[in-house]
Amino acid sequence: MEKELFSAALGIEEPVYIEAIEFDGGGGELHIRMNFRRGARFACAECGTENLPVHDTVNKTWRHLNFFQYKCFIHLRTPRTICPDCGQRLWLPPWARRQSGFTLLFEALVMALAKEMPVSKIGELVGEHDTRIWRIIFGYVSRAYAKKNFAGVKNVGVDETSAKKGHNYVTLFADMDCGEVLFAAEGKDGETMKSFTEELPNHEAKALQIKELAIDMSPAFIAGAANYLPEAEITFDRFHVMKSLNTAVDSVRRQEVKQNPLLRRTRYIWLKNPQNLSEEQQKQLATLSKENLKTAKAYQLKQTFQDIYFHIKEPAAAAEALEKWLKWADRSKLPPLQKFAKLVKRHKAGILRFFQTRLTSGLMEGINSRVQEIKRRARGFRNVRNFIAMIYLEAAALDLALPT
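Residues numbered from 1 in each chain as written. Predicted model: local features only at pLDDT ≥ 70, side-chain atom pairs only at ≥ 80, totals over all residues. Heavy atoms only, no water.

Trainee: Explanation requested: unusual backbone geometry in the structure shown.
Mentor: Trans is the prevailing form of peptide bonds, just as negative phi is the prevailing case for residues other than glycine. The linkage connecting Glu-14 with the following residue, Pro-15, adopts the cis geometry, with an omega of 10°. Along the chain, Pro-15 turns up in the loop between helix H1 (2–10) and strand S1 (16–24). Residues other than glycine seldom take positive phi values, yet Arg-358 does so here, at roughly 60°. Take Arg-358: it is sitting in the loop between helix H14 (354–357) and helix H15 (362–378). For Ala-397, which is not glycine, the phi dihedral falls at a positive 50°. In this fold, Ala-397 is placed in the segment after helix H16 (384–395). For Ala-397, a relative accessible area of 46% puts it in the partly exposed group. (Helix = DSSP H or I, 4+ residues; strand = E, 2+ residues; numbered from the N terminus. Buried < 20%, exposed > 50% of the residue type's maximum accessible area, 1.4 Å probe, protein only.)

Trainee: Can you walk me through the pairing of strand S2 (residues 29–36) in this structure?
Mentor: On a regular strand, one side chain projects to one face of the sheet and the next to the other, so that they alternate. Counting buried residues along S2, six of its eight residues qualify, which places the element largely inside the surrounding structure. Looking at chain direction, S1 and S2 are connected through eight bridges and run antiparallel. Across the sheet, the residue bridging to Ile-21 is Ile-32, located in S2. Where S1 hands over to S2, the hairpin turn is made up of four residues, of which Gly-28 adopts a positive phi near 70°. (Pairing = 2+ DSSP bridges.)

Trainee: Which parts of the structure should I look at to understand the side chain of Thr-197?
Mentor: Here Thr-197 shows up in helix H5 (residues 191–199). Residues in contact with Thr-197, not counting those within four places in the same chain, are Ala-207, Tyr-228 and Leu-229. (Contact = heavy atoms within 4.5 Å.)

Trainee: Which parts of the structure should I look at to understand the packing of aromatic side chains?
Mentor: Each aromatic ring pair is characterised by the separation of its centres together with the angle its planes make. Across all of its chains, the model carries 23 aromatic pairs by this definition. Consider the rings of Phe-381 and Phe-387, whose centres lie 5.3 Å apart with planes at 35°: the pair is tilted. In this pair, the class of Phe-381 matches that of Phe-387, namely buried. An aromatic cluster is defined as three or more aromatic residues linked by ring pairs; in this entry it consists of Phe-305, Tyr-309, Trp-325, Phe-340, Phe-354 and Phe-355. The ring of Tyr-140 has Arg-143 lying over it, and the distance from NZ or CZ to the ring centre is 4.9 Å. Over the face of the ring belonging to Tyr-169 we find Lys-188, whose NZ or CZ atom lies 4.2 Å from the ring centre. (Phe/Tyr/Trp six-rings, centres within 6.5 Å; stacked < 30°, edge-to-face > 60°. Lys NZ or Arg CZ within 6 Å of the ring centre and 35° of its normal.)

Written out as structure tokens, the structure reads:
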């Protein structure tokens, strides 16, 4: 009776049958031993040619889902056929995939858990070394990623994210239209652009189809885009432009605070937008703004620059407003703001391109937040390859084709 029950539960069909069920209560294991009928014929695992005789057999074992709290293993004297076209091939049971020591349902459980908890914890939960868990993840992610089609991708955002403490980075490439990660590469230099363009042909795409590129003002990214994405117009990311301006404003404050103690502990008042200040900070800002402070002047320049982004829609009007702002910054006699103005002049075309494309870093920042949450959840990764695999699993919208 128990054989019929397990056969139904596992979906076992003739000519394969359950030969024996062994329960080891002391070892905490259940072993299901299978065999096939004498004279049975099987299909080629490579091309599907049916009705092939058995040449010989190989004993194989697969780890299955737990039976209550007990580990469960499936054993099969697995037939090997000789196909006229493919040669010798080991038959692939319906519960397994090639070169895996786990059943499909066990792997489906692992992949579901991988999106919710660290791999080390999954290993503890199922009683397997995390190296074997990573093999499952790499197998599904690599196959699903290989099937991704990038033929319709035209607008790409690029941003780097930290892989671990120190100077370890991964550069992310995302489709700005749908928000999916397209590619992730170790490093944050121009070679990541090369790696991205080399990956595109594997997904029915080519570098010349990329028409818009949203990046920061990194010289490496700019040079990489020029070399490897020649058809792409560059939009410099608004967030990174404002970050550079905030750095300039804070530089003015740090220089002035040495002579004016009123500016102590006021850093975030000048860096935040007014609507994000607390009531106490707003009062302090109103008071400090009335003082003849260089920092207040830098802050006013910052707010005016930001207003260009937020309130001007037409490209021509934005170009005119930016030109006026640059003249004001040049006259400000504030070296950090003058230095920022020179940066804007060098990258003016890419900054003004925003008013045509409206590409922003919001999408990339959202992806970056998800990626950092993956890193925090895992408390870091043993290597960048593992990190990139989890990025694809979380943010590349992969069709893993998991069994149900």
